There are 2 protein chains.
Amino acid sequence: MGVAERHAREKEALRSKIQAAASELFLELGYQNVSIRKIAEKIEYAPSTIYLHFKDKQELLESICIDTFAKLNESMTELDQRDLAPLERLEQGMRCYINFGLQHPHHYLATFGIPARDEQGKTIESEAVGNIGLQSFSHLRSIIARCMESGDIRTADSMVTAQSVWMMIHGVTDLLITHTEYSGFPWAPKDQLVDLSVANIIRGLK
Amino acid sequence: MGVAERHAREKEALRSKIQAAASELFLELGYQNVSIRKIAEKIEYAPSTIYLHFKDKQELLESICIDTFAKLNESMTELDQRDLAPLERLEQGMRCYINFGLQHPHHYLATFGIPARDEQGKTIESEAVGNIGLQSFSHLRSIIARCMESGDIRTADSMVTAQSVWMMIHGVTDLLITHTEYSGFPWAPKDQLVDLSVANIIRGLK
DNA sequence: TAGGCTACCAAACGCTGTTCAGGAAAGCAA
DNA sequence: TTGCTTTCCTGAACAGCGTTTGGTAGCCTA
């Protein structure tokens with residue numbers, strides 16, 4: 001009676017196909033310019049079919065971002081296994097985060113830069129995105145806690161400290177993604193900005 | 001022959017009325033939810049009339065953001081005249097920036113958080129916005145240069161340093177605006193995050 | 001008073017996300 | 001094989017969006 005299983009597989013296959021098409025367009029055109037109709041056309045299905053697999057556009061794009069952010073968490077976990085000194089680990093973690101943002105600019109912005117807003121303009125955030133974000137964040141927090149234990153940085157509330165650090169590297173990542181192209185502003189080279197920022201953030205924690 | 005003048009005044013008045021209505025809706029509903037049609041309805045004109053005064057929606061919203069950012073520059077100039085010690089001045093400047101973002105969240109996000117993007121997803125930035133941003137930035141740079149001269153922070157390239165600092169406080173501002181409402185993430189109180197971030201950024205510069 | 005000029009608007013175009021009634025096909029039971 | 005049910009998918013529509021265009025009404029000048 002493998003019929004039900006086959007059906008489930010086929011259904012899953014189409015879901016993946018939608019995600020793949022959306023992901024490609026997403027990468028190509030950016031968040032603002034991906035439309036349900038373009039995705040549908042790419043996979044040669046009717047637009048309404050997409051709604052059989054995803055509640056709405058937000059959920060579809062979110063599912064892609066979650067997949068992408070899972071890669072960030074993988075990188076972080078990998079970094080954990082390289083058993084570096086705490087401070088070195090912290091620096092690598094920050095660089096890893098920034099590089100991730102630069103490698104997946106659209107996904108990064110869709111997740112952190114352009115939150116969904118309701119009619120009142122309040123931020124809406126899904127549980128799923130919250131979870132994956134929390135995972136990344138807890139990596140950061142634990143590294144910071146370790147740096148405090150080892151005495152590499154001064155002791156403080158690891159929660160508040162980690163949030164503050166996250167905000168800073170988010171700012172670096174965000175502006176590197178969105179505003180570096182603009183030639184009217186005399187941006188310094190990315191490398192310099194990253195190096196100095198990472199160094200100064202760590203210095204500030206000592 | 002005051003007719004032409006009266007006409008010019010009337011034209012200017014309508015332009016301002018459009019801006020005022022847009023600004024109000026903007027504040028109320030956020031960037032995503034302001035539409036030309038809603039603005040038109042609010043001032044009881046046809047949507048197309050708006051296009052006699054603004055090239056497109058982007059230009060209209062930009063003109064509002066520019067006005068708002070002019071206030072930030074005013075605050076910064078005011079701060080200059082209070083003739084504080086360099087380091088104190090730097091701290092106040094940073095706090096001033098963050099508070100500005102929190103007081104005008106939609107304007108802040110529209111200017112820095114949600115840049116216009118073309119079909120390829122590249123950032124488009126207008127000259128006008130670039131100018132006003134450059135003004136704010138040059139304030140920051142000159143304070144930092146002064147702190148270097150006075151020996152309060154270590155000497156380095158003031159351009160790169162200012163950009164790095166800007167990125168960090170942008171990150172703090174941005175995340176305070178967009179993600180604090182989300183209850184699933186255990187955010188620390190805003191005050192704590194601001195205090196620690198500002199203190200650590202300055203510490204990192206020493 | 002006639003002509004021109006400006007301000008304005010209604011309607012339309014092509015796009016968007018989303019919903020929904022219905023059809024085709026596949027699976028199952030008799 | 002026939003009929004029934006379930007599943008998947010679609011075409012058409014709705015309401016909204018930013019923007020353009022053709023045309024009109026009213027004021028200003030001559």
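Thresholds, definitions, all that
Residues numbered from 1 in each chain as written. Chains lettered and ligands numbered in written order. Predicted model: local features only at pLDDT ≥ 70, side-chain atom pairs only at ≥ 80, totals over all residues. Heavy atoms only, no water. Helix = DSSP H or I, 4+ residues; strand = E, 2+ residues; numbered from the N terminus. Buried < 20%, exposed > 50% of the residue type's maximum accessible area, 1.4 Å probe, protein only. Contact = heavy atoms within 4.5 Å. Core = buried A, V, L, I, M, F, W, Y, C linked by side-chain atoms within 4.5 Å. Near = heavy atom within 4 Å. Polar contact = N/O pair within 3.5 Å; in protein donor to acceptor, adjacent residues only side chain to side chain. Nonpolar A, V, L, I, M, F, W, Y, C, P; charged D, E, K, R; others polar. 1 Å grid on protein atoms, 1.4 Å probe; cavity = no way out; pocket = protein on both sides within 12 Å on 5 of 7 lines; lining within 4 Å. Points joined across faces, edges and corners; volume = space filled by probe spheres on them.

(A) Summary view of the overall build of chain A. Scanning chain A from N- to C-terminus turns up 9 helices and 2 strands. Element order for chain A, N to C, with α for helix and β for strand: α-α-α-α-α-α-β-β-α-α-α. Its C-alpha atoms give chain A principal-axis dimensions of roughly 60 × 50 × 35 Å. In chain A, which comprises 206 residues, the proportion classed as buried is 52%. Long-range pairs, those at least 24 residues apart, make up 65% of the contacts in chain A between residues at least 6 apart in sequence.

(B) View of the nonpolar core. Within the largest apolar cluster, 90 residues are counted, with the highest numbers of intra-cluster contacts made by L90(A), W166(A), L90(B) and W166(B). Setting aside anything within four residues of it in sequence, one finds L90(A) in contact with L140(A), I143(A), I144(A), C147(A), I202(A) and L205(A).

(C) Structural detail: the environment of S16(A). With respect to the secondary-structure elements, S16(A) resides in helix 1 (residues 3-29). Along the sequence, S16(A) and P189(A) sit 173 residues apart, while their C-alpha atoms lie 38 Å from each other.

(D) Highlighting the protein's contact with DNA strand C. Neighbouring residues of DNA strand C: 21 residues in total, closest R6(A), R37(A), Y51(A), S48(B) and T49(B). Restricting attention to atoms of DNA strand C within 4 Å of the protein, one finds that 56% of them are sugar or phosphate atoms. Measuring from a phosphate oxygen of DNA strand C, one finds a backbone N or O atom of I36(A) at 3.0 Å. With respect to DNA strand C, the backbone of K57(A) contributes an N or O atom lying 2.8 Å from a phosphate oxygen. Secondary structure elements with two or more residues in the surface near DNA strand C: helix 1 and helix 2 (36-43) of chain A together with helix 1 (3-29) and helix 3 (47-50) of chain B. Broken down by element, the residue count for the surface near DNA strand C peaks at 3 residues, all from helix 2 of chain A. Considered class by class, the residues forming the surface near DNA strand C number 9 nonpolar, 5 polar and 7 charged.

(E) Looking closely at the protein's contact with DNA strand D. The full set close to DNA strand D counts 22 residues, and S48(A), T49(A), S35(B), R37(B) and Y51(B) are the nearest of them. The contact atoms of DNA strand D, taken as those within 4 Å of the protein, divide so that sugar and phosphate hold 56%. Contact between DNA strand D and R37(A): a base nitrogen at 3.4 Å from a side-chain N or O atom of the residue. Taking T49(A), its side chain carries an N or O atom lying 2.2 Å from a phosphate oxygen of DNA strand D. For the surface near DNA strand D, the secondary-structure elements that each account for two or more residues are helix 1 and helix 3 (47-50) of chain A together with helix 1 and helix 2 (36-43) of chain B. Here the surface near DNA strand D is built from residues that sort into 9 nonpolar, 6 polar and 7 charged.

(F) Region of the structure containing empty space enclosed by the protein. Residues and elements named next belong to chain A. Considering all chains together, one arrives at 9 cavities of 30 Å³ or more under this definition. Taken as a whole, the largest cavity holds about 260 Å³ of empty space. Forming the boundary of the largest cavity are 25 residues, of which F112, G133, S136, F137 and W166 lie nearest the centre. Elements represented by at least two residues in the lining of the largest cavity include exactly helix 4 (57-81), helix 5 (86-103), helix 6 (105-113), helix 7 (127-149) and helix 8 (158-179). Ranked by residues supplied to the lining of the largest cavity, first place goes to helix 7 with 10 residues.

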